[in-house]
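Understanding the architecture of this molecule
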Amino acid sequence: MADLAKLVEDLSSLTLMQAAELTKMLEEKWGVSAAAPMAMGMMMPAGGGSAAPVEEVEEQTEFTVILKAVGDKKINVIKEVRALTNLGLKEAKDAVDNMGTLMEAVSKEVAADAKAKLEAAGATVEVK
C-alpha cells in the first residue's frame with residue numbers, strides 16, 4: 001500500500017492545471033465523471049472499486065403555503081386568503097377554520113408574497 005502521507009503531500013503540491021489533468025485521467029481510468037471539482041478528502045472504497053456517483057441536489061422550485069394559526073384577526077386572514085386563492089367567502093372561511101394547506105406547487109416568489117401578506121393580516125404561515 002502506498003504511503004498515504006507522501007501521497008497527500010504530492011497531491012498538495014500540484015498546480016491547478018496538474019490537478020485538472022489528474023482529474024481527467026482518473027475519470028477515464030475509473031469510468032466516472034466528476035460533476036464538481038474533486039474533493040481532496042474523497043476516498044475510494046476498499047478493493048479499488050469505483051466510487052458511487054454523486055447525486056446533484058436539485059433546487060426546490062415548487063412550494064406549499066400552509067396556514068398554521070389564524071391569530072386574533074380572523075376576518076383579515078379570510079380576506080387575504082380570498083385575495084390570494086380566488087376562493088369564495090364560504091370556501092375561504094372554511095380554509096381558515098380548518099387551517100392547513102392553502103396553496104400548492106407555487107413559485108418561491110408567490111409563496112413568499114402569500115406568507116408576507118397572511119402574516120401581515122395576523123396569521124402564522126409555513127412555507128415548505
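Just above sits the structure.
A few points on the structure. In this text, all values refer to a predicted model and were calculated from it rather than measured experimentally. Starting afresh in each chain, residues are numbered from 1 along the sequence in its written order. At least 70 in pLDDT is required for a residue's local features to be given in this predicted model, at least 80 for side-chain atom pairs to be given and counted, and no such filter applies to totals for whole chains, interfaces and linings, which use all residues. Values reported for side chains reflect all heavy atoms of the structure, with hydrogen atoms and water molecules removed beforehand.

1. Thoughts on the overall build of the protein chain
Secondary structure elements follow DSSP: runs of H or I of four or more residues count as helices, runs of E of two or more count as strands, with numbering from the N terminus. For the protein chain, the count of helices and strands is 5 helices and 3 strands. Reading the secondary structure of the protein chain in the N-to-C direction produces α-α-β-α-α-β-α-β. For the protein chain, the residues scored as buried account for 19% of the 128 residues in total. Accessible surface, the protein chain as shown: approximately 9,700 Å² in total, 57% of it carbon and sulfur. Only protein chains enter the area calculation, which uses a 1.4 Å probe; residues under 20% of their type maximum are buried, those over 50% are exposed, and those in between are partly exposed. Per-residue accessibility takes into account occlusion by the displayed protein chains alone, with areas from the Shrake-Rupley method and a 1.4 Å probe.

2. Topic: the pattern of salt bridges
Salt bridge, as used here, is a side-chain nitrogen of Lys or Arg placed within 4 Å of a carboxyl oxygen of Asp or Glu. Counting across every chain of the model gives 8 salt bridges. Between Lys-90 and Asp-94 there is a salt bridge, with the nearest N and O atoms lying 3.0 Å from each other. Of this pair, Lys-90 and Asp-94 both sit in helix H4 (residues 89-98), 4 residues apart, which is roughly one turn of that helix. Residue Lys-90 is classed as exposed on the basis of its relative accessible area of 57%. With relative accessibility at 31%, the residue Asp-94 sits in the partly exposed group. Notably, a salt bridge pairs Lys-117 with Asp-113, separated by 3.3 Å at the nearest N-O pair. Residue Lys-117 and its partner Asp-113 are located together in helix H5 (residues 108-120), separated by 4 residues, close to a single helical turn. On the basis of relative accessibility, which here comes to 36%, the residue Lys-117 falls in the partly exposed class. Here the salt bridges do not stand alone but share partners, grouping Lys-68, Glu-126 and Lys-128 into one network.

3. A closer look at helix H2 (residues 16-30)
By this rule, a helix spans an expected 1.5 Å times one less than how many residues it contains. Taking 1.5 Å per residue, 15 residues should reach 21 Å; H2 reaches 21 Å between its end C-alpha atoms and fits that length. Gly-31 lies just past H2 and shows a positive phi near 70°.

4. Examining the sheet that holds strand E2 (residues 100-106)
Paired strands, as defined in this entry, are two strands with at least two bridges between them according to DSSP. Taken in spatial order, the 3 strands line up as E2-E1-E3 in an open sheet, and their pairing is antiparallel. Single-partner strands in this sheet number two, and they are E2 and strand E3 (124-127). Averaged over neighbouring strand pairs, the angle between their axes works out to 20° when direction is ignored. For helices, the fitted line uses only the C-alpha atoms of the stretch in contact; every axis is such a line through C-alpha atoms, and the angle between N-to-C directions lies from 0 to 180 degrees.

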